[in-house]
Amino acid sequence: MLNLLKIANRTCGLRFSYSIVELKCHYVTEPISNTPPTARKDKVSKAMKAYLERAKSHNEFMKIQDHEFKLGKRHLANMMGEDPETFTQANIDEAIQYLFPSGLYDKTARPIMKPPEEVIPQRKAAEFDETGRPFHSLFYTARPHYNKLLFDIVENINSLNAFEDRMIQKQLDADVTLKLETSGFEWISKAALEKHLLEILSDAEYDNFVRAMTRLCQLPYSYREKCFINQFRKPMLMKTDSDKIPKPQFDENGKAYITIYECMRKSARADVTVTMPGSGNITINGQDITYFEVTQAREQDFNVNIILVGHTFSFLSFSQK
């Protein structure tokens, strides 16, 4: 500081008295603490906090359900005289069918005992981190998995079109024997697609999915993406065997007839024979319809419907067992 004042005095031509100021620095020493500084708390977004609370309650609920399933499994194994440690799901299904026999046509209405993860609908995993940053690039479309599926379909279509162009340049045609078979299959339902994607879809969005997949299947080289396509289609039910109409037989006089054996009605069993041409008479153990004394029994127990296109049959006999 003294040198600076001298330089300023020579430069400005000023004469003034100056004094040397003696500066003293005092250092205050504090005892060194071994405790680390307070760590900065990471802020958790409200959305993530709400999800963590829901996920925690859901996990606790699933733990309770899993515990009850395992407990019920052990009780069921003891009732059936089996070892609980080797009691499989197939054994559980057989035991439930034995202990709770049901004649309900719809299998979903019958009593079952399945693991909770197969019965209780699944939930989406967290789609964002603790700071609220989403993991999926299409998160802000509100249906990321659905839009990603459409993106994959378009990617496959473009890939197959490019492959077809290369084959055309080589003057090669697609192998007809490898063509993807579309008859006898149908696309999975809207409910099944929503369960697969874990997202709620509108009818228009489901229609867009069906049109895109149909366009993919129509390409000549669609068999190259067979694994991808088979994820979203299922075979149609074959009813030809159950609805097959029996062919008429002929007796020694050349008269056509059909006999249906073991027609079940409650505890009764009957063999029904119809002939063509017939007389229109009904014979039940050698008697007419008055064999059933109660009118209600005539209307309910005698209920046989046979439809043959182009032919007219009449009842010849109805033998009750």
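The preceding data block contains the structure.
Rules and cut-offs
Residues numbered from 1 in each chain as written. Predicted model: local features only at pLDDT ≥ 70, side-chain atom pairs only at ≥ 80, totals over all residues. Heavy atoms only, no water. Helix = DSSP H or I, 4+ residues; strand = E, 2+ residues; numbered from the N terminus. Buried < 20%, exposed > 50% of the residue type's maximum accessible area, 1.4 Å probe, protein only. Contact = heavy atoms within 4.5 Å. Areas by Shrake-Rupley, 256 points an atom, 1.4 Å probe, with all protein chains shown as cover. Salt bridge = Lys/Arg side-chain N within 4 Å of Asp/Glu carboxyl O. Core = buried A, V, L, I, M, F, W, Y, C linked by side-chain atoms within 4.5 Å. Arc of directions from axis to C-beta. Polar contact = N/O pair within 3.5 Å; in protein donor to acceptor, adjacent residues only side chain to side chain. Expected span 1.5 Å × (residues − 1). Patch = residues over 30% accessible without salt bridge, like charges linked within 9 Å, V, L, I, M, F, W, Y side chains within 5 Å. Phe/Tyr/Trp six-rings, centres within 6.5 Å; stacked < 30°, edge-to-face > 60°. Lys NZ or Arg CZ within 6 Å of the ring centre and 35° of its normal.

Moving on to the overall build of the protein. Regarding its fold elements, the protein presents nine helices and six strands. Within the span of the protein, comprising 321 residues, buried residues form 21% of the whole. Sequence separation of 24 or more characterises 56% of the internal contacts of the protein that already satisfy a separation of 6 or more. Working note: accessible area of the protein is about 25400 Å², and carbon and sulfur atoms make up 55% of it.

So, about the pattern of salt bridges. Summed over the entire model, instances satisfying the criterion amount to six salt bridges. Arg143 is paired through a salt bridge with Glu205; the nearest N and O atoms lie 3.3 Å apart. Placement of the pair is Arg143 in the loop between α4 (116–119) and α5 (144–169) and Glu205 in helix α7 (residues 203–217), with a sequence separation of 62 residues. Of the charged contacts, one joins Asp152 and Lys148 as a salt bridge, the two residues approaching to 2.8 Å between their closest N and O atoms. Residue Asp152 and its partner Lys148 are located together in helix α5, separated by four residues, close to a single helical turn. The class for Asp152 is partly exposed, based on a relative accessible area of 23%.

The next point concerns the environment of Ser137. Within the element layout of this structure, Ser137 appears in the loop between α4 and α5. A relative accessible area of 70% means that Ser137 is categorised as exposed.

So, on to the nonpolar core. Ranked by internal contacts, the top residues of the largest apolar core, which has 24 residues, are Leu193, Phe209 and Phe232. Broken down by secondary-structure element, the contributors of at least two residues to this core are α5, α6 (190–197), α7 and α8 (226–230). By residue number, the principal contributor to this core is α5, which donates seven residues. The contacts of Phe232, once residues within four sequence positions are left out, are Leu149, Glu186, Trp187, Ile188, Leu193, His196, Phe209 and Met213. In terms of nonpolar packing, the next biggest core, distinct from the first, is built from eight residues, Phe69, Ala77, Phe87 and Ala95 among them.

What follows is about unusual backbone geometry. Backbone geometry places Ala142, a non-glycine residue, at a positive phi of 75 degrees. Mapped onto the elements, Ala142 comes out in the loop between α4 and α5. Phi at Gln171 takes a positive value of approximately 60 degrees, unusual for a residue other than glycine. For Gln171, the location among the structural elements is in the loop between α5 and β1 (185–187).

What follows deals with helix α3 (residues 89–99). Burial in α3 covers these residues: Ile92, Ala95 and Ile96. Relative to the axis of α3, the buried residues are bounded by an arc of 100 degrees and lie together on one face. Structural note: α3 exposes Glu94, Gln97 and Tyr98 on the side pointing more than 90 degrees away from its buried face.

Another aspect to go through is the environment of Ser222. Here Ser222 lies in the loop between α7 and α8. Along the chain, Ser222 and Leu178 lie 44 residues apart, while their C-alpha atoms are 9.2 Å from each other. Among all residues touching Ser222, those that are not within four sequence positions of it are Leu160, Leu180, Leu216, Cys217 and Ile229. One polar contact links the side chain of Ser222 to the main-chain carbonyl oxygen of Cys217, over a distance of 3.2 Å.

A few words now on α7. Taking 1.5 Å per residue, 15 residues should reach 21 Å; α7 reaches 21 Å between its end C-alpha atoms and fits that length. On its buried face, α7 is in contact with α5, β1, α6 and α8.

In this section: a nonpolar patch on the surface. Together, Met79, Met80, Tyr98, Leu99 and Phe100 line one region of the surface with nonpolar side chains, adding up to about 540 Å² of accessible area. Looking at where Phe100 falls in the secondary structure, it is placed in the loop between α3 and α4.

This model, assessed by the stated rule, comprises six aromatic pairs. With centroids separated by 6.1 Å and ring planes inclined at 35 degrees, the aromatic side chains of Tyr206 and Phe209 adopt a geometry described as tilted. Taken together, the residues Tyr206 and Phe209, both in helix α7 and three residues apart, mark about one turn of the helix. In this pair, the class of Tyr206 matches that of Phe209, namely buried. Look at Phe209 and Phe232: their rings are 5.7 Å apart centre to centre, the planes differ by 70 degrees, and that puts the pair in the edge-to-face class. Linking Phe209 in helix α7 with Phe232 in the loop between α8 and β2 (233–235), this pair joins segments that are 23 residues apart in sequence. Residues Phe209 and Phe232 agree in their burial class; the two are buried. One aromatic cluster is present, formed by Trp187, Tyr206, Phe209, Phe228 and Phe232 through successive ring pairs. The positively charged end of Arg233 is found above the aromatic ring belonging to Phe185, 4.1 Å away from the centroid.

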